[in-house]
Every structure is written in structure tokens, then in C-alpha cells.
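# Coordinates in review
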Amino acid sequence: MSPPALNQFLASLPKTETHLHIEGALPWELLIEKDPAKFNPVPFFHEPNFKYQSFEQFESILIEHAMGWFDSAESYHEAAKVIFSKHIQQNVKYVETSFHAGMIEFLKLPGEEILNAILDAVPKGLEVRVFLGISRNAYTPYLGPILDQAIGWSNLSGIDLHGLESLPFETWISPFWKRAQEHGKTVKAHAGEFGPASNVSQAVKELKVKRIQHGTRAFEDEEVMQLLVDEQVTLDMCPISNVKLRVVDRMENHPIKDFMKRGIRCTVSTDDPLSFNNSLNEEYTSLVNHLSFSYQEIAHLVSNGFEVADLSEATKKSFLSQIKEEISKMNRVDG
Ligand SMILES: [Zn+2]
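A few points on the structure. (Residues numbered from 1 in each chain as written. Predicted model: local features only at pLDDT ≥ 70, side-chain atom pairs only at ≥ 80, totals over all residues.)

### Overview of the overall build of the protein
Within the protein, the secondary structure is distributed over 16 helices and 8 strands. On C-alpha atoms alone, the protein measures out to a radius of gyration of 19 Å, which is about the 20 Å that the 2.2 N^0.38 rule sets for 335 residues. For the C-alpha atoms alone, the extent of the protein along its principal axes is close to 65 × 50 × 40 Å. A fraction of 76% describes how many contacts in the protein between residues 6 or more apart in sequence connect residues 24 or more apart. (Helix = DSSP H or I, 4+ residues; strand = E, 2+ residues; numbered from the N terminus. Rg over C-alpha atoms; globule rule 2.2 N^0.38 Å. Contact = placed C-beta atoms within 7 Å.)

See below:
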């Protein structure tokens, strides 16, 4: 398919983004506006072929830049406005984003102020659900009691296990995820990115999550892949992130297409566009260019995002039928 036809097709599809860290989505232009002398138009980590050496390098560059911006609820609001306007431009209708619980302790800010600052930035035409990103070692004397309160915040949609998978899986995590579910929260977990496939099955079995963030390394274990099918778990995948962080060596070897063939439900998102300089459209384009995704397969991925979305059945149905309509238009053009 030609690049203009693909771009037109992608633009025509209503889309979702279900794996997005708000701090990692800080638009680079906001940093330039804030301090043009300090920030280059193209930092070295936005060069097209740049790859991170390690998760630690990625994290330190992300933290360094995010900390230069996020210092108040207002700063979250300002960034979220620009981030969501880019979603509108790309015909994205539904977003799930997380903010990092560690920022509540670092900024000494009430978490609900950050949460509401993000929600207040949502434009007309976009539905946004906000999650709290919680690291494996987050249950500190300071943050623990706040996390306990957070699962009662009515505006909070859910929680997401964040951060280094090499940190120990502490004993508070499973009971906390269970309590969050009892409070009606959607639960997610990052697993199988840098950690092995067994982290994916642990998240499914012990945390009872139906939403895994990444899950890429599930491809190393047949049983884990079958578990994802049997338990109807969705993988919110970020292929460009996986290549730039060397989770896979190149896009051609990304397992997303194989997962889909096996019946594992996958969605596509950008993870941290501040770090990867990627857009949702570039994620889909890259699947077409490097993994020979067809229009039908792209539409399948896009539909999956709406299938798992926290939207009314009628709204989902309407978006899903719009996607079907766009596909049948493409088939008419091709036929
Ligand atoms: Zn992530």
C-alpha cells in the first residue's frame, strides 16, 4: 500500500491509546519553549536510529527531562492539554494514561490534584481514563497510606505496576491489587518487557490482571502464550519502544503478529513519546512497513482498543462499525 493511502486510512480510523505514561509523553516543544537555550530542537535520543543502551539509561534521560517540567498540578495540566490535542489530531477517541505515584512523594503534592489536573485537560471528543503507576518498591512509609487512599479516589480508573521488573515482587503487591479490584478499579501490570515470560504469568495468576503492558517476552514460552489466550488477557504493546529499548533487536522480529495469529488480543500505543519521539500513526506505519500488516490487520488492532475500552457498549459499537465501514471502503478501492 502506498504511503499516502496508508496515511489516509490511518487518519480515517477512530483509534485508542491504552499504554501511555503521562510524564513520558511530555511534548518536547514545551521544554524548548520553557528554555530554548538549554534544549536542542533534536536531542540525540530523538535521532532516527538511536537505541538506548539499557533501561537505566532510558530511565535517567526520562527522569532528567520530566523533572525539568513536572513540578506542580498546573504543569501536569499544561502538558496534558498539548498531549491530548495531539490525540485529537490523530483521530484518537479513547486514551488510558498513567501518572507515576512516586511523583506524589517527590513533589509533596496531593495525588488527587495531579489526577484532576490531567482530567481537567481532556478536550471535547476524547475520553480519558487515568491510572496510577505504582513501582514494585512503592509501598514506603510515606506513600503506602496514600496508595491505600488512592484506590478509593472516584476519578481514578485503575492502577498499573510500573518500573524495573528486576526489583523483587514484594509481598504487599498481590493483596493491594486485590483490594483495588474490590474497589472497582481496573488493574494492569508491566511485565515481560525486560523481565522473563514468567513475569507475565505471575501477573496474570497472582495479580489477576487482564491487561498486561508490553508482555513482549511471552513469546519465549508456549505455555505463557496459551495462558494469555485462555485467560483472554490483552497485551497493550508498544513496538517502537521495544525496538528502541532493545527488547527486540529489530521490528521485523517483533512478536505482535505471531501473538495475534495465536489469538492473543493486542493493542498498540506509544508508551513514552518523549523518549522515543514516536506517534501512534508511526507505530502502525512501522507494522505495515516492517511486519507487512494488512489494512485488515491494522483495523483488527484498532478494534481491539475499543473492545477493551471503558466505554458504554453503544459507544464501542459505534466506533467498531465506523472501523468496519473504513475497511469495506478500502476493499472497494482495492477490488
Ligand atoms: Zn510502559
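### As for the sheet that holds strand β1 (residues 15-21)
Reading across the sheet, the 8 strands line up as β1-β2-β3-β4-β5-β6-β7-β8 and stay open at both edges, with parallel pairing between neighbours. Pairing within the sheet leaves two strands with one partner each, and these edge strands are β1 and β8 (265-268). If you compare each strand with its neighbour and ignore which way they point, the axes differ by 25° on average. With 4 bridges joining them, strand β5 (residues 186-191) and strand β6 (residues 211-214) adopt parallel strand pairing. (Pairing = 2+ DSSP bridges. Axes fitted to C-alpha atoms, helices over the stretch in contact; angles between N-to-C directions.)

### Looking at the pairing of β5
β5 sits mainly inside the fold: 5 of its 6 residues count as buried. Relative to β5, strand β4 (residues 158-162) runs parallel, the two being bridged by 4 bridges. Its bridge partner lying in β5, Gly 158 is registered against Thr 186. You can see the chain leave β4, run along helix α8 (residues 173-182) and come back into β5, and the turn it takes is right-handed. Assessed by its sense of winding, the connection that carries the chain from β5 through helix α9 (residues 197-206) to β6 is right-handed. (Buried ≥ 20, exposed ≤ 12 C-beta atoms within 10 Å, placed from the backbone. Right-handed = clockwise from strand over helix to strand, strands pointing away.)

### Comments concerning the environment of Phe 219
Assignment of secondary structure puts Phe 219 in the loop between β6 and α10 (222-230). Given 20 C-beta atoms within a 10 Å radius, Phe 219 is considered buried. With 36 residues separating them in the primary sequence, Phe 219 and Pro 255 have C-alpha atoms 6.7 Å apart. Residue contacts for Phe 219: discarding those within four places in its chain leaves Met 225, Pro 255 and Asp 258.

### Some thoughts on unusual backbone geometry
Of note, Gln 232 is a non-glycine position whose phi angle comes to about 50°, a positive value. Take Gln 232: it is sitting in the loop between α10 and β7 (234-237). Even without glycine at this site, Arg 246 takes up a positive phi of about 60°. Following the sequence through the fold, Arg 246 ends up in the loop between α11 (239-244) and α12 (256-262).

### So, the nonpolar core
When a protein is soluble and globular, its nonpolar side chains tend to lie buried together. Among the nonpolar cores identified, the biggest contains 85 residues, and Tyr 76, Ile 114 and Ile 118 are the most heavily contacted of them. Among the elements that take part in this core, helix α4 (residues 73-89) stands out by supplying 6 residues, more than any other. (Core = buried A, V, L, I, M, F, W, Y, C linked by C-beta atoms within 7 Å.)

### Some words on the pairing of β4
Here β4 lies mainly inside the structure; 5 of its 5 residues are buried. Here β4 shows a buried face lined by Gly 158, Asp 160 and His 162 and a second buried face lined by Ile 159 and Leu 161. Bridge count for strand β3 (residues 127-135) against β4 is 5 bridges, and the pairing is parallel. Its bridge partner being in β4, Ile 134 is matched across the sheet by Leu 161.

### Quick word on the environment of Pro 14
Note on placement: Pro 14 falls in the loop between α1 (3-12) and β1. Distance in space between the C-alpha atoms of Pro 14 and Gln 322 is 7.5 Å, their sequence separation being 308 residues. The residues contacting Pro 14, other than those within four sequence positions of it, are Asn 91, Lys 93, Phe 319, Gln 322 and Ile 323.

### So, the packing of α4 against helix α6 (residues 111-119)
Describing two packed helices takes the angle between their axes plus the distance from one axis to the other. The N-to-C vectors of α4 and α6 enclose an angle of 25°; their axes lie 8 Å apart at closest approach. In terms of orientation, α4 and α6 fall into the roughly parallel class. You can see that α4 and α6 cross each other, and the crossing is right-handed. Seen from α4, the contacting residues are Ala 73, Glu 74, Tyr 76, His 77 and Ala 80; seen from α6, they are Glu 113, Ile 114, Ala 117 and Ile 118. Of the residues in the contact of α4 with α6, the class split is 6 nonpolar, 1 polar and 2 charged. (Parallel < 35°, antiparallel > 145°, perpendicular 65-115°, else oblique. Left-handed = near helix turned anticlockwise from the far one by under 90°. Nonpolar A, V, L, I, M, F, W, Y, C, P; charged D, E, K, R; others polar.)

### Some details on α9
In an α-helix, one turn spans 3.6 residues; hence positions three or four apart end up facing the same way. Listing the buried residues of α9 in full gives Ala 197, Asn 199, Val 200, Ser 201, Ala 203 and Val 204. Close packing links the buried residues of α9 with β5, β6 and α10. Phi for Lys 208, located one or two positions after α9, is positive at around 55°.

### Brief notes about α6
Every buried residue belonging to α6 is among Gly 111, Ile 114, Leu 115, Ala 117 and Ile 118, and all of these are buried. One face of α6 carries all of its buried residues, which in axial projection span an arc of 165°. (Arc of directions from axis to C-beta.)

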